[in-house]
Amino acid sequence: MAEINDIFGNNMKGKVGTVTTYRLRGKTIMRSLPVNRSKERTENQERNQNRFNEIRKFCSLFKSIVIPQIWNGVAITSSGYHLFMKTNSPAFDKDGMLSDPKKIFLSKGNLDLPGGMQAERSSDLANTIQVKWDKDAVSGGLKLRDQLMVISAGEGKYSDIKATGLKRGDLGGSFELPELASAATHVYLFFESVDQRYYSESVCFEI
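Just so it is clear, the model here is predicted, and its values are computed rather than measured. (Residues numbered from 1 in each chain as written. Predicted model: local features only at pLDDT ≥ 70, side-chain atom pairs only at ≥ 80, totals over all residues. Heavy atoms only, no water.)

Participant: Got a minute to help me understand the pattern of salt bridges in this structure?
Facilitator: Once their charged atoms are close, side chains differing in charge can pair, the charge on each being opposite to the other. The full count for this structure, using the stated rule, is 4 salt bridges. Residue lysine 57 is joined to glutamate 54 by a salt bridge in which the shortest nitrogen-to-oxygen separation is 3.3 Å. Placement of the pair is lysine 57 and glutamate 54 together in helix H1 (residues 43-60), with a separation of 3 residues, close to one helical turn. Where aspartate 146 meets arginine 168, a salt bridge forms, and the shortest distance between an N and an O atom there is 3.0 Å. Here arginine 168 lies in the loop between strand E9 (162-167) and strand E10 (172-176) and aspartate 146 lies in the loop between strand E6 (128-132) and strand E7 (147-154), a separation of 22 residues in the sequence. You'll find aspartate 146 and arginine 168 in the same group, each marked buried. The network of salt bridges with common partners includes Glu43, Arg47 and Asp95. (Salt bridge = Lys/Arg side-chain N within 4 Å of Asp/Glu carboxyl O. Helix = DSSP H or I, 4+ residues; strand = E, 2+ residues; numbered from the N terminus. Buried < 20%, exposed > 50% of the residue type's maximum accessible area, 1.4 Å probe, protein only.)

Written out as structure tokens, the structure is:
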């Protein structure tokens, strides 16, 4: 309802139709009422939201172990969780499906990965993985004692982090796959420092 105190409208205030008036700094201001522009999401908006939900669901698998153990220590401008999500988002397609497991990084850090890393199942023992890597000419001392860690994955399931018992200085060896409810199709390998404070980026192998 509008309220008018004189014919010039100097003290008019209230609402008339789609127009509202109010006093501001001694002046009478008239403006249109805000229009509710809320509409149903577009198809792209719906797809983007679904993709985000699927990525978030994936990241939640690692909130208890991988993220607090590794990612919280390397995140600087954000939380470990958000850094993990940002790093791994490119592995998901526009519909939120994991399109390439090799684009997933379960570990991140300042330790170097040695060159020439290879991993494959042993022909004799299905749960045994053979690995090898090149000697790094510049690493020595405590770095040679960096421990090789593994996470196995299959059918959307991921194992806990397991120490393989192999050291950087070994240049290879074999280890048993971590327990997993389904058959493992990929392994993620990375190194951990002796004091368990530093990690390398992970690398994924299809097995």
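There is more to say after this.
Participant: Would you mind showing me how to read the layout of surface pockets here?
Facilitator: Vacant regions in the atomic arrangement are exposed by a probe of water-molecule size rolled over the atoms. Roughly 210 Å³ of volume is contained in the largest pocket. If you go around the largest pocket, the residues you meet are Glu54, Lys57, Phe58, Leu61, Phe92, Gly96, Met97, Leu98, Gly156 and Tyr158. In terms of residues, the lining of the largest pocket owes the most to one element, H1, which gives 3 residues. Split by residue class, the lining of the largest pocket holds 6 nonpolar, 2 polar and 2 charged. (1 Å grid on protein atoms, 1.4 Å probe; cavity = no way out; pocket = protein on both sides within 12 Å on 5 of 7 lines; lining within 4 Å. Points joined across faces, edges and corners; volume = space filled by probe spheres on them. Nonpolar A, V, L, I, M, F, W, Y, C, P; charged D, E, K, R; others polar.)

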